[in-house]
Amino acid sequence: MKKLISMLAVGALLTAAIPAGAQAADLYKSKCQACHGPDGKGDTVAGKKLGAKDFHSPDVAKTSDQELFEITKKGKEKMPGYDKKLTDDQIKSLIKYIRSL
Ligand code: HEC
């Protein structure tokens, strides 16, 4: 039991040490990549089926960060909303990450 607790403590320390960018990359991988693809092109089986756009497309480029934030938070058409699953800060860092892909 003691060992387990110290392992958890180390885990918590490591998580706290990861910079926000790396966290966004992890979140993206676990929650968004299945539809939007590793490069944000939406070129996945699910992405093509549901109609995810390429994040590099002119349409997305001219959409403001605020709008992308709202879409991620509330969802749009087949895009699920992440209101209850992610904090506002996490969503903001994800939008930054998407822009950097
Ligand atoms: C189940 C598949 C699915 C998952 C998982 C998913 N998305 Fe989407 N997403 C979509 C689809 C489909 C659209 C296009 C919605 C539309 O315009 O009709 C979309 C649209 C978006 C948009 C708006 C830009 C655009 O293409 O119009 C953003 C930003 C976005 N997603 C971010 C995210 C983020 C961040 C995550 C992870 C937290 C995520 N998505 C997870 C399917 C998904």
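Conventions we followed
- Residues numbered from 1 in each chain as written.
- Predicted model: local features only at pLDDT ≥ 70, side-chain atom pairs only at ≥ 80, totals over all residues.
- Heavy atoms only, no water.
- Helix = DSSP H or I, 4+ residues; strand = E, 2+ residues; numbered from the N terminus.
- Buried < 20%, exposed > 50% of the residue type's maximum accessible area, 1.4 Å probe, protein only.
- Contact = heavy atoms within 4.5 Å.
- Areas by Shrake-Rupley, 256 points an atom, 1.4 Å probe, with all protein chains shown as cover.
- Axes fitted to C-alpha atoms, helices over the stretch in contact; angles between N-to-C directions.
- Parallel < 35°, antiparallel > 145°, perpendicular 65-115°, else oblique.
- Left-handed = near helix turned anticlockwise from the far one by under 90°.
- Nonpolar A, V, L, I, M, F, W, Y, C, P; charged D, E, K, R; others polar.
- Expected span 1.5 Å × (residues − 1).
- Donors = N, O, S within 2.8 Å, 3.2 Å for Na, K, Ca; no water.

Visitor: Break down the overall build of the protein for me, with residues and values.
Guide: Regarding its fold elements, the protein presents six helices and zero strands. Walking the protein from its N terminus toward its C terminus, one meets helices and strands in the order α-α-α-α-α-α. The 101 residues of the protein split such that 26% are buried. Sequence-distant contacts, at least 24 apart, represent 37% of the contacts inside the protein between residues at least 6 apart. For the protein, the exposed area adds up to about 7,200 Å²; of that, 61% sits on carbon and sulfur atoms.

Visitor: Give a description of the packing of helix α5 (residues 65–74) against helix α6 (residues 88–100) that names residues and reports values.
Guide: For the pair α5 and α6, interaxial distance at closest approach is 10 Å and the crossing angle is 120°. Classed by the angle they form, the pair α5 and α6 counts as oblique. For the pair α5 and α6, the sense of crossing is right-handed. Residues D65, L68, F69, T72 and K73 of α5 form the contact with α6, whose participating residues are D88, I91, K92, I95 and R99. Looking at the contact of α5 with α6, its residues break down into four nonpolar, one polar and five charged.

Visitor: Give me α6: which residues, what numbers.
Guide: Under the 1.5 Å per step criterion, the end-to-end length of α6 is 19 Å for 13 residues, consistent within 8% with the ideal 18 Å. Residues I91, S93, L94, I95 and I98 constitute the buried set of α6.

Visitor: Tell me about the coordination of the iron atom of the ligand, and name the residues and values.
Guide: For the iron atom of the ligand, the full set of protein donor atoms is H36 (NE2) and M79 (SD), and the range of their distances to it is 2.0 Å. Under the relative-accessibility criterion, H36 is labelled buried at 12%. Overall, the relative accessible area of 22% leaves M79 in the partly exposed class.

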